[in-house]
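Okay, here's what each chain looks like letter by letter:
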Amino acid sequence: MSLTVSNDLLDQARTGEVDDAAFVTCVRDSLPYAWSLISDLVKQREHTGAEFADNTVPPPDEAARGQLLRALASDAMRGALERHFGVRLAFQNCHRVAVFDPAATGAHAEFITARSQILNQTPELVDC
């Protein structure tokens, strides 16, 4: 399961729109590795003032890798995280998460190209 959803949040979803803050809390609590990694990248980007910050370290285990995949493959989760942190997220392979300033165009455009994806391939990432 992607998320551990409380009964209150499930009831909220059944009766109408889900509060963004409640959804973000659900994502944070359900996917702590993904949340921590993205939070740290946001802080790093803010501290350096760079257009983006990215992670190049593979997750410690398959459970952590799964959290990243779930958080970034879901449009709803990814969008909620982007709104919450005020950033743009991008993703390559199974662990290279990047956090972009929303105004960054050149760096983001380059990161999401086929060229960048291909250059980011290494033998140890074949089965990630």
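Small disclaimer: the values here were computed from a predicted structure and weren't measured.

Cut-offs used in this document
Here the residue index of a chain counts from 1 through its sequence in written order. For this predicted model, a pLDDT threshold of at least 70 governs which residues receive local features, and a threshold of 80 or more governs which side-chain atom pairs are given and counted, while totals over whole chains, interfaces and linings are taken from all residues. Values reported for side chains reflect all heavy atoms of the structure, with hydrogen atoms and water molecules removed beforehand. Only DSSP runs of H or I covering at least 4 residues are called helices, and only runs of E covering at least 2 are called strands; the numbering of each starts at the N terminus. Whether two residues touch is decided by their heavy atoms; if any such pair falls within 4.5 Å, the residues are in contact. To be clear on the numbers: accessible area is Shrake-Rupley with a 1.4 Å probe, and residue cover counts the displayed protein chains and nothing else. Any two strands with at least two DSSP bridges between them are considered paired. Fitted lines through C-alpha atoms give the axes, limited to the stretch in contact for helices. The angle between two N-to-C directions lies from 0 to 180 degrees. An angle below 35 degrees is treated as roughly parallel, one above 145 as roughly antiparallel, one from 65 to 115 as roughly perpendicular, and anything else as oblique. Throughout, the ten residues Ala, Val, Leu, Ile, Met, Phe, Trp, Tyr, Cys and Pro are labelled nonpolar, Asp, Glu, Lys and Arg are labelled charged, and all others, Gly among them, are labelled polar.

A. Structural context of the overall build of the protein chain. Within the protein chain, the secondary structure is distributed over 7 helices and 3 strands. What you see in the protein chain, going N to C, is helices and strands ordered as α-α-α-β-α-α-β-β-α-α. Considering only intrachain contacts with a sequence separation of at least 6, the fraction spanning at least 24 residues in the protein chain is 60%. Just so you have it, the protein chain exposes about 7300 Å², and 53% of that area is on carbon and sulfur atoms.

B. How the structure looks around the sheet that holds strand 2 (residues 88-92). The antiparallel open sheet is built from 3 strands, whose spatial order is 1-3-2. A single partner strand is all that each edge strand has here, and the edge strands are strand 1 (52-54) and strand 2. Between one strand and the next, the sheet's axes are offset by a mean angle of 20 degrees, whatever the strand orientation. Contacts from helix 3 (residues 32-48) reach strand 1, strand 2 and strand 3 (96-100), with the element oriented near 45 degrees to strand 3. The sheet contacts of helix 4 (residues 62-73) involve strand 2 and strand 3, and relative to strand 2 the element is tilted by about 130 degrees.

C. Main features of the packing of helix 4 against helix 5 (residues 75-85). It is the contact of helix 4 with helix 5, at a shortest axis distance of 5 Å, that shows an interaxial angle of 85 degrees. For the element pair helix 4 / helix 5, the angle class is roughly perpendicular. On helix 5, the residues touching Arg 70, Ala 71, Leu 72 and Ala 73 of helix 4 are Asp 75, Met 77, Arg 78 and Leu 81. In terms of residue class, the contact of helix 4 with helix 5 is built from 5 nonpolar, no polar and 3 charged.

As far as function goes, none of this settles anything; it's purely spatial.
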